[in-house]
Amino acid sequence: MLAKRIIPCLDVRNGVVVKGVKFKDHVELGGVIELAQRYREAGADELVFYDITASAERRTVATTWIEQVAKVIDIPFCVAGGIRSVEDARRILHSGADKVSINSPAIENPDLIDKLAAEFGNQCVVIGIDSLEQEGDYKIWKYTGSEATAQNAGKRTLDWVREVQERGAGEIVLNCMGADGTKQGYDIRQLQAVREICRVPLVASGGAGQKSDFLEAFQKARVDAGLAAGIFHRGELSIADLKHYLDSMGVIVRL
Amino acid sequence: MIAIINTAVANLSSVAHAIERTGQSYEITTDPEAIEKASHVILPGVGHAQASMKSLEDLGLIPVIRGLKQPVLGICLGMQLLFDKTAEGPSQGLGLIAGSVERIPEVEDLPLPHMGWNSLDLDDPSSPLLRGIFAGDRVYFVHSYYAPVGPYTRASTQYGSKISALVSRDNFFGTQFHPERSGLVGDAILRNFLTL
C-alpha cells in the first residue's frame, strides 16, 4: 500500500531557509544543504524548496544549491520559484530536482503547464496554489512571497484546480493562506472541497501545529501528503514521532 | 566504467549522483562504443516513451542496446522501454522483455500518477538485485503506466492493480521505482546491480 507522505517545506530566500507567519517577518533558520540533510536523516519522505522571493522579484532560483542538494539527498525533492519557461524548468530538473512547482507564472501563463507536461511528463509538474477563503468562496492569490506583492489573482480556486489538471499538472499543493502559520490545523473543509475534484496527488499545506492535524488531513480530507515548515523547523514535532503516531492511528507511513 | 545512456529527455543527474554515492565512476554518453565497452549500462528515464524511443533511434542506439551482454538497468521509463511495446504514445519498445506496458487503470480514490513510497512484494526473492531486501521495504514510485505482473516480475507493488516493480530477463533488469530516490533501500538495490 502506498504510504502517506510527510514533506517538510523549506522556504528559501537568498540561499537561506526562512519561515514567516502569514508571509510576514521572515526568520532565518539555516543553510539549505544542512537542513535538507537533517530532514532526510529524520525520515522526511520528500522535500520541497520554495524560493519565496523569486516570482515577485522576477528571478530564477540558483541552480548551484539545487545541484548540491541533489548530490547529498537520496529522496525526491521539488523546487519552486520563478519558473516561467520550459528552459527554466529544464535547468532545474537537469540540476537534479525531481519536480518543479509552478505557482504565479502558471496563473499569468497557463499554457506553461501544458508545455511543461508535454516536455517532461506530468509527473514533474507540480502546481502550487495559494488559496484564501473570501466572501464564502475560495480564491487564488499570486506573488505571495512578500506582503507587498501579494494580490488576488481573480480566479476561483476550484476552477483553477480543474484547469491545471486538464492542462497536465501531476500534483497539486494547496496552501490555505488563512491557516498558514497559525498552527491551528490544516483547513480541512477547503482541502475536502479540492479533494472532491482532484484526481492527481494532493498535498495539504498551511496550518499544521500538532500531530493530530496531519491525521485529520489524511483521514478526513484524504490528502496524499502533508506539508509543513514551522512546526518542523522549530523542533516542536519530530518527523519520527509524527510517523509513529500516524502508524499507531492506522495511517500507512514509511517508517 | 558504468555508462549512463543520455537520452536528453531524461533527468540524468540524480542517477549519476546515486552512482557517485556508491563510490563508482560513470560516464554519461551516447557513444555506441563507450556503451558496448562499459561494465554496466544504465538506461534512465523520465519523460515520454515515444520521445525517448525516438531519441534512441536518432542516436542509432537501439541495435546497440539490444546487443548488450553486460548487466543493463532500465529505470522507470527506462524499464518500460525494455518491453515490446507501451501504451504511452503508443510506442514500440526495445523488445527485450516479452510483454506490454499499459496505462494504470483509473480507480476511485487512487490518484494518478502513482506517486510516493510503496511497499515491495518479493515475487522472486532469489533475484540478485533483491539481496538484502525484505518484503515490505518501501521505494519511491512516480508513474502512470505500468507493466502488469508476468514471468519477468521479480518484485511487485500494489496500487489498485498489481504493478511490476522489478523485472529482469537474462542480463536486462528494470525498476519501475527510482532507486536513486529511494533512500537506503534504493541504494542497496543499485549496489546489488553494480556488483553483478
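Residues numbered from 1 in each chain as written. Chains lettered and ligands numbered in written order. Predicted model: local features only at pLDDT ≥ 70, side-chain atom pairs only at ≥ 80, totals over all residues.

Participant: How would you sum up the overall build of chain B? Please name residues and give values.
Facilitator: For chain B, the helix and strand inventory stands at 6 helices and 14 strands. Computed over C-alpha atoms, the radius of gyration of chain B comes to 15 Å, within 12% of the 16 Å expected from 2.2 N^0.38 for 196 residues, which places it in the range of a compact globule. In terms of overall dimensions, chain B has C-alpha extents of about 45 × 35 × 30 Å along its principal axes. A total of 196 residues make up chain B; the buried ones form 53% of that total. Here the analysis covers contacts within chain B between residues at least 6 apart in sequence; of these, 67% occur between residues at least 24 apart. (Helix = DSSP H or I, 4+ residues; strand = E, 2+ residues; numbered from the N terminus. Rg over C-alpha atoms; globule rule 2.2 N^0.38 Å. Buried ≥ 20, exposed ≤ 12 C-beta atoms within 10 Å, placed from the backbone. Contact = placed C-beta atoms within 7 Å.)

Participant: Could you give an account of the confidence of the model for chain B, naming the residues involved and the relevant values?
Facilitator: Per-chain confidence: chain B averages 94 in pLDDT, with 97% of residues scoring 70 or above. As scored by the predictor, the complex reaches a pTM of 0.94 and an ipTM of 0.93. (pLDDT = per-residue confidence, 0-100.)

Participant: Can you tell me about unusual backbone geometry, naming the residues and giving the values?
Facilitator: The omega torsion across B:G89 and B:P90 is -5°, close enough to zero to call that bond cis. Note that B:P90 resides in the loop between β5 (83-86) and β6 (91-92). For the bond from B:L112 to B:P113, the omega torsion is 0°, close enough to zero to count as cis. Even without being a glycine, A:K183 presents a positive backbone phi close to 60°. Mapped onto the elements of the fold, A:K183 is located in the loop between β10 (171-176) and α8 (188-197). For A:K183, a count of 17 C-beta atoms within 10 Å puts it in the partly exposed group.

Participant: Could you give an account of the nonpolar core, naming the residues involved and the relevant values?
Facilitator: Residues A:L47, A:F49, A:V100, A:I172, A:L174 and A:V203 are the most contacted members of the largest nonpolar core, which totals 144 residues. Sequence-distant contacts of A:V100, defined by excluding residues within four places in its chain, comprise A:C78, A:V79, A:A80, A:I83, A:A89, A:I92, A:L93, A:C124, A:V125 and A:V126. (Core = buried A, V, L, I, M, F, W, Y, C linked by C-beta atoms within 7 Å.)

Participant: Can you tell me about the sheet that holds strand β1 (residues 2-5) of chain B, naming the residues and giving the values?
Facilitator: All names here are of chain B. Ordered in space as β2-β1-β3-β4-β14-β13-β12-β9, the 8 strands form an open sheet in which the pairing is mixed. Each edge of the sheet is formed by a strand with only one pairing partner; in this case those strands are β2 (26-29) and β9 (121-122). Direction of pairing for β1 relative to strand β3 (residues 40-43): parallel, over a ladder of 3 bridges. Considered in β3, the bridge of I4 is made with I42. (Pairing = 2+ DSSP bridges.)

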